[in-house]
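Structural features, examined
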Amino acid sequence: MASEDLMSGAGARYIQMQSEPMPSTISSFFSFRQSPESTRIFDELPKATIVFVSRPDASDISPALLTYTIEFRYKQFKWRLIKKASQVFFLHFALKKRVIIEEIQEKQEQVKEWLQNIGIGEHTAVVHDDDEPDEETVPLHHDESVKNRDIPSSAALPIIRPALGRQNSVSDRAKVAMQGYLNLFLGNLDIVNSREVCKFLEVSKLSFSPEYGPKLKEDYVMVKHLPKIPKEDDTRKCCPCPWFSCCNDNWQKVWAVLKPGFLALLEDPFHPQPLDIIVFDLLPASDGNGEGRLSLAKEIKERNPLRHALKVTCGNRSIRLRAKSSAKVKDWVAAINDAGLRPPEGWCHPHRFGSFAPPRGLSEDGSLAQWFVDGRAAFEAIASAIEEAKSEIFICGWWVCPELYLRRPFHSHASSRLDALLEAKAKQGVQIYILLYKEVALALKINSVYSKRKLLSIHENVRVLRYPDHFSTGVYLWSHHEKLVIVDYQICFIGGLDLCFGRYDTLEHKVGDHPPLMWPGKDYYNPRESEPNSWEDTMKDELDRGKYPRMPWHDVHCALWGPPCRDVARHFVQRWNYAKRNKAPNEQAIPLLMPQQHMVIPHYMGRSREMEVEKKNVENNYKDIKKLDSFSSRSSFQDIPLLLPQEPDGLDSPHGESKLNGFDSSSNLLDQPTRVSRSLSFSFRKSKIEPVPDMPMKGFVDDLDTLDLKGKMSSDIMAQPGMRTCDREWWETQERGNQVLSADETGQVGPCVPCRCQVIRSVSQWSAGTSQVEDSTHNAYCSLIEKAEHFIYIENQFFISGLSGDEIIRNRVLEVLYKRIMQAYNDKKCFRVIIVIPLLPGFQGGLDDGGAASVRAIMHWQYRTICRGNNSILQNLYDVIGHKTHDYISFYGLRAYGRLFDGGPVASSQVYVHSKIMIVDDCTTLIGSANINDRSLLGSRDSEIGVLIEDKELVDSYMGGKPRKAGKFAHSLRLSLWSEHLGLRGGEIDQIKDPVVDSTYRDVWMATAKTNSTIYQDVFSCIPNDLIHSRAAMRQHMAIWKEKLGHTTIDLGIAPMKLESYDNGDMKTIEPMERLESVKGHLVYFPLDFMCKEDLRPVFNESEYYASPQVFH
């Protein structure tokens, strides 16, 4: 008897005839006994339709040479296979073998039971098969006869009968006969789930997981790069011949599953966990031979002409696969290359800005965004999302502190500590994956070793990887700088906030907390004064709260839903898999991850019930959207709704309409996630998300419609097609569900709005295993600045950039800013650039201390960018524009003050600006982890991730004194930030609606900065300031104030008990707080003349002198 090693795909089939093996070696393989319900591939019967029958030669009527194109449907999935009649014969023979073997097994069991009943069974040896089924496998139906699962031999006869009829009716007869036979064996759930039938149908455990996208190609292939797969039999050898030993036990048979975003290799179709996975990513623009873009897969020639192989290359990986025939290799090459370029993602070719991710939100695909200002708002939202996790949580951070409280006061929120939140979810079965940056211990004190040990001790469902290994990778200078939290592929948080100490803050930016209420132990953090040497006792104070202020922390974070969330998760999966292969390649407890292509609500809710979904006409929606100029033609593919990947050529349809490849277009498909996703928006002071109702798509927290501002403007006043306008300002009445925020609460949590957005990043081979450097963040910054029409607002931790011709600083943010300002000057148009950065780098050490060379080095590069030397923007602008330069661009910092405790000293500290945002024309926002320096923007250094958000919903506003529509997301975020910095209340927001007119820019913004700077100088004479031009002057200044005060901070942040002033020759004394009452908000001028007579670069007797200057910029 013969059996066939079946392979998938169209074209010729390689049929290998084998002699019938002994029953003892095939009993487990040819058994209808299946694994438990959870391991079955089909839980309902699939359907098959014979589409057409073809013959190689019209004169040849041999039924064995007929080829059948069969369309299979299972739930919402649809796929086509091309099978020869001979393959069906071999399937039939294999199924008959199963029945025979099971009959023998049942007879053995009956004899054994009979012998035991008569008392001689205990010592009677009964012959058993060498290959028993796995221990966990059990028969599905003990009470059914094997004959109920038998397929009569006569069932296959009609397939042969067409040869007996007239020639012109052979195809029709064959089609009917084959249809009848398929219906026979597809009508039994046990038979359908047998290995032979699943192999014939080319399906696996991953085939029908909607979150991974449509079903594409699957089949057995041979691989050599994997570790030895333990197996009792020899079915994994590349051929059954024992004489030649051609594989030398190195080549193994595995099941390959191709999905739109990856190629996974499984041990067999019934194993869902991949042995290996290639996540598709950008390919180089050239293969190096001048033959165009490198292919994802290509056929390679073997020395032995009987062997057929292909090579799959992506990132820094290249693997070889073998198939049974040259035709099958060609099928695999075509399928893999097609999957890599499959729209709308097309993961293997660059999208706008050279990003790995396509623009999202071009259609109503559920892309949503919501902003958070400062740590309190963001951390509460993250805590709520973690509490609602059902499946998996991804966390990626430069620094992660397990003891961080996400809600305050910490005394009353013990359960909101990060390790407690993760432990609760891990015990519920949620899988948690955490990527930590492995720092160079001599340079940083974030102690990721302690964090890893603490996190791993939580639960076995928490997995942690630290990367990179500095010695093995040779990477010492660069860091993983992303800050990510992703929950169930449903929502992700992205921006500037690490889950670590010192980041929690509110819009008040308090400098004191004594006794501890908001910031326990080492969370009372001021890196300018002291960095903890140990994190073991986190509840023990590092600073004396009665003498030193904490350093307030200003940051911006963002939540994303829909396709952009899954793009961010894909980045995490790519980095996780790369770190796993390098750090723990053989550690079974740390799995490889697979990126999800679609959002599946039952998956998110932890349910298995069938999805009820609606169809959408994507094409018509897309035609109604007018792309902005910033969307390149390369990115014109529409984004697909949930579970609706498109067939590019529509060949499946006999009538020419577009069909779905891998999904059944006639079945109900998932609705757009717009209603669902918005329901996960966060409102201020909400302790947790409302429970998930028993509905697949609606009402996770709030209904989408309640988040929309109810009054919609008529379409004739819309600025662009496809945009919606709202006539009620979110600032005045911001609705979230039934809760309306009061004026003093607004400003920290933004509206959750639909948007066009694109994930951008900085990665390279060392950080993510990519084949080329991706600097899409840098490209996005430059493109947005170049196309800005009215103003640019930037907040960033650093501002180090270069003009054209600068051979040291390579990023060109400064160059495009300079060109854009010069364009506005030449056109005689109003154009504003406002940049807010820290007053001092947030590193330990007084500016004159010997150990503060790093602080001075960073200051050197920033002043070189801003105002000192021929490479600075202000000097170049002064040379052309003169004193009007500050009408176009100006620089600022933030500062706060307060009493350290009741009756205690009055203290001041800079508010450390750690946000990384840019707002352009109140319509476009860039939020992420990337600083403006070479480290973050070049792509080959620090790894970063961010998102570009372009508004679709518009609100009424003004620009340059004229009415103009503004983006709801960008406009509300700017108003929130400016009102915090300027100390404005809800009723005063109208003063800053127009960001460029003199009444805002000069009379409010610049005037407030000037007043605040003057007051802080009068009260504290704090550092930095424009009156200190050298280190000698600073030493003298520090000595005077230390003698006067007795105690002060490293940057002169303690006020005297009384302030002395002269009025008409008379000296008066007033309380410092009385003078400080005139301060509004936190805005101050950035001191451009501070240390202007010093060369701040490291000198030869400082260790930083011997470090690469690239470390500092």
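Note that the structure is predicted; figures quoted are calculated from it, not measured. (Residues numbered from 1 in each chain as written. Predicted model: local features only at pLDDT ≥ 70, side-chain atom pairs only at ≥ 80, totals over all residues. Heavy atoms only, no water.)

1. A word on the overall build of the chain
Helix and strand counts for the chain stand at 26 helices and 37 strands. A burial count over the chain gives 60% of its 1113 residues as buried. Sequence-distant contacts in the chain: of pairs separated by 6 or more residues, those separated by 24 or more amount to 73%. Of the accessible surface of the chain, which amounts to about 43300 Å², a share of 51% is contributed by carbon and sulfur atoms. (Helix = DSSP H or I, 4+ residues; strand = E, 2+ residues; numbered from the N terminus. Buried < 20%, exposed > 50% of the residue type's maximum accessible area, 1.4 Å probe, protein only. Contact = heavy atoms within 4.5 Å. Areas by Shrake-Rupley, 256 points an atom, 1.4 Å probe, with all protein chains shown as cover.)

2. Concerning unusual backbone geometry
A cis amide bond links Pro 343 with the next residue in sequence, Pro 344, at an omega value of 5 degrees. The omega torsion of the bond from Arg 408 to Pro 409 falls at 0 degrees, within 30 degrees of zero and hence cis. The residue Pro 409 is located in the loop between strand 12 (392-397) and helix 9 (418-427) in this model. The phi torsion at Lys 75 lies on the positive side, around 50 degrees, for a residue other than glycine. Along the chain, Lys 75 falls in the loop between strand 2 (67-74) and strand 3 (77-84). Of note, the phi angle at Leu 1052 is positive, near 55 degrees, even though the residue is not glycine. The residue Leu 1052 is located in the loop between helix 25 (1031-1045) and strand 35 (1059-1063) in this model.

3. Structural notes on the packing of aromatic side chains
Remark: the centre distance and the inter-plane angle together describe each pair of aromatic rings, the angle taken between the planes. This model, assessed by the stated rule, comprises 32 aromatic pairs. Summarising the aromatic geometry, the rings of Phe 572 and Trp 576 are spaced 6.1 Å apart at their centres and angled 20 degrees between planes, so their arrangement reads as stacked. Here Phe 572 pairs with Trp 576, and both are found in helix 12 (residues 563-583), just four residues apart, close to one helical turn. Classification of Phe 572 by relative accessible area gives buried; the value is 1%. Between Tyr 897 and Tyr 1016 the ring centres are 6.3 Å apart and the planes differ by 65 degrees, which places this aromatic pair in the edge-to-face class. Taken together, the residues span a long stretch of sequence, with Tyr 897 in strand 27 (residues 889-899) and Tyr 1016 in helix 24 (residues 998-1019) at a distance of 119 residues. Taking the relative accessible area as the measure of exposure, Tyr 1016 reaches 2% and is therefore buried. (Phe/Tyr/Trp six-rings, centres within 6.5 Å; stacked < 30°, edge-to-face > 60°.)

4. Describing the sheet that holds strand 6 (residues 262-266)
Strand order in the open sheet formed by seven strands is 7-6-5-4-10-9-8, with antiparallel pairing between adjacent strands. Since the sheet does not close on itself, it has two edges, and those belong to strand 7 (276-279) and strand 8 (297-300), each with one partner. On average, adjacent strands in this sheet sit at an angle of 35 degrees to one another, irrespective of strand direction. Most of the contacts of helix 12 go to strand 7, to which it runs at about 135 degrees, and overall it touches strand 7 and strand 10 (317-323). (Pairing = 2+ DSSP bridges. Axes fitted to C-alpha atoms, helices over the stretch in contact; angles between N-to-C directions.)

5. A short note on helix 19 (residues 813-826)
One turn of the α-helix equals 3.6 residues, which is why residues spaced by three or four share an orientation. Counted at 1.5 Å a residue, the expected span for helix 19 with its 14 residues is 20 Å, and the 20 Å between its end C-alpha atoms agrees. Of all the positions in helix 19, only Val 813, Leu 814, Glu 815, Val 816, Leu 817, Arg 820, Ile 821, Met 822 and Ala 824 are classed as buried. Just downstream of helix 19, Lys 828 is the residue with a positive phi angle, here 55 degrees. (Expected span 1.5 Å × (residues − 1).)

6. A look at the pattern of salt bridges
Applying the stated criterion to the full structure yields 49 salt bridges. For Glu 71, the salt bridge is made with Arg 73, and the minimal N-O distance between the two is 3.1 Å. Residue classification places Glu 71 among the buried residues on the basis of a relative accessible area of 8%. Accessibility expressed as a relative area gives 28% for Arg 73, which makes it partly exposed. (Salt bridge = Lys/Arg side-chain N within 4 Å of Asp/Glu carboxyl O.)

7. Looking at the packing of helix 19 against helix 21 (residues 873-880)
Running from amino to carboxyl end, helix 19 crosses helix 21 at an angle of 20 degrees, the nearest separation of the two axes being 11 Å. Regarding the angle of helix 19 to helix 21, the classification is roughly parallel. Between helix 19 and helix 21 the crossing geometry is right-handed. Along the contact surface, helix 19 presents Leu 814, Leu 817, Tyr 818, Ile 821, Met 822 and Tyr 825, while helix 21 presents Ile 873, Asn 876, Leu 877 and Val 880. (Parallel < 35°, antiparallel > 145°, perpendicular 65-115°, else oblique. Left-handed = near helix turned anticlockwise from the far one by under 90°.)

8. Focus on the nonpolar core
The nonpolar side chains of soluble globular proteins are, as a tendency, buried together. Formed by 109 residues in total, the largest nonpolar core has its most connected members in Phe 280, Ile 336, Tyr 793 and Trp 1005. It is helix 12 that contributes the most residues to this core, eight residues altogether. Ignoring sequence-local partners within four residues, the contact set of Ile 336 consists of Leu 258, Leu 263, Phe 280, Leu 296, Ala 297, Leu 310 and Val 312. (Core = buried A, V, L, I, M, F, W, Y, C linked by side-chain atoms within 4.5 Å.)

9. Regarding helix 12
Compared with an ideal rise of 1.5 Å per residue, which puts 21 residues at 30 Å, helix 12 spans 30 Å between its outermost C-alpha atoms and is within 8% of the ideal. Among the 21 residues in helix 12, 18 count as buried, and that is most of the element.

10. Remarks on the side chain of Lys 259
With respect to the secondary-structure elements, Lys 259 resides in strand 5 (residues 252-259). It turns out Lys 259 is buried and unbridged, and the closest side chain with the opposite charge, Glu 218, is 5.3 Å from it. A polar contact of 3.1 Å, which involves the side chain of Lys 259, links it to the backbone oxygen of Ser 207. One polar contact links the side chain of Lys 259 to the main-chain carbonyl oxygen of Gly 213, over a distance of 3.3 Å. (Lys, Arg positive; Asp, Glu negative; His and termini not counted. Polar contact = N/O pair within 3.5 Å; in protein donor to acceptor, adjacent residues only side chain to side chain.)

11. Description of the pairing of strand 26 (residues 832-836)
Burial within strand 26 is extensive, with five of its five residues counted as buried. Relative to strand 26, strand 25 (residues 791-795) runs parallel, the two being bridged by five bridges. Paired with Ile 792 across the bridge in strand 26 is Val 833. Note on the crossover from strand 25 through helix 19 to strand 26: the handedness is right-handed. With four bridges connecting them, strand 26 and strand 27 associate as parallel partners. What sits directly across from Val 836, in strand 27, is Tyr 892. (Right-handed = clockwise from strand over helix to strand, strands pointing away.)

12. Focus on the packing of helix 23 (residues 968-982) against helix 24
It is the contact of helix 23 with helix 24, at a shortest axis distance of 9 Å, that shows an interaxial angle of 50 degrees. With respect to their mutual orientation, helix 23 and helix 24 come out oblique. Residues Trp 978, His 981 and Leu 982 of helix 23 lie in contact with helix 24, whose contacting residues are Thr 1000, Val 1004, Trp 1005 and Thr 1008. When its residues are assigned to classes, the contact of helix 23 with helix 24 shows four nonpolar, three polar and no charged. (Nonpolar A, V, L, I, M, F, W, Y, C, P; charged D, E, K, R; others polar.)

13. A look at a nonpolar patch on the surface
On the surface, Val 1099, Phe 1100, Tyr 1105 and Tyr 1106 cluster together to form a nonpolar patch covering roughly 490 Å² of accessible area. Tracing the chain through its elements places Phe 1100 in the segment after strand 37 (1083-1085). (Patch = residues over 30% accessible without salt bridge, like charges linked within 9 Å, V, L, I, M, F, W, Y side chains within 5 Å.)

14. So, the environment of Cys 314
Mapped onto the elements of the fold, Cys 314 is located in strand 9 (residues 308-314). Judged by its relative accessible area of 5%, Cys 314 is buried. With 456 residues separating them in the primary sequence, Cys 314 and Thr 770 have C-alpha atoms 7.5 Å apart.

15. Regarding the pairing of strand 13 (residues 431-437)
Across the seven residues of strand 13, six count as buried, placing the element largely inside the fold. Relative to strand 13, strand 12 runs parallel, the two sharing six bridges. Within the sheet, the bridge partner assigned to Gly 397 lies in strand 13 and is Leu 436. Regarding the hand of the β-α-β motif, the stretch spanning strand 12, helix 9 and strand 13 is right-handed. Of the strand pairs in this sheet, strand 13 and strand 14 (residues 462-467) are connected by six bridges, and their pairing is parallel. Within the sheet, the bridge partner assigned to Tyr 433 lies in strand 14 and is Arg 463. Each parallel crossover has a hand, and for strand 13 linked through helix 10 (residues 448-456) to strand 14 it is right-handed.

16. What about the environment of Val 913?
Looking at where Val 913 falls in the secondary structure, it is placed in strand 29 (residues 912-913). With 360 residues separating them along the chain, Val 913 and Trp 553 place their C-alpha atoms 6.5 Å apart. With residues up to four places along the chain from it excluded, the contact list for Val 913 reads His 554, Glu 795, Asn 796, Gln 797, Val 836, Ile 837, Pro 838 and Leu 894.

17. Here's the deal with the confidence of the model for the chain
Put simply, the chain has an average pLDDT of 80, and 75% of its residues get 70 or more. Note on residues 1-35: pLDDT under 50 across the span, and 120 contacts to partners over four residues away in sequence or across chains. Low confidence marks residues 601-679, where pLDDT is under 50. Its contacts with residues over four positions away, or in another chain, come to 221 contacts. (pLDDT = per-residue confidence, 0-100.)

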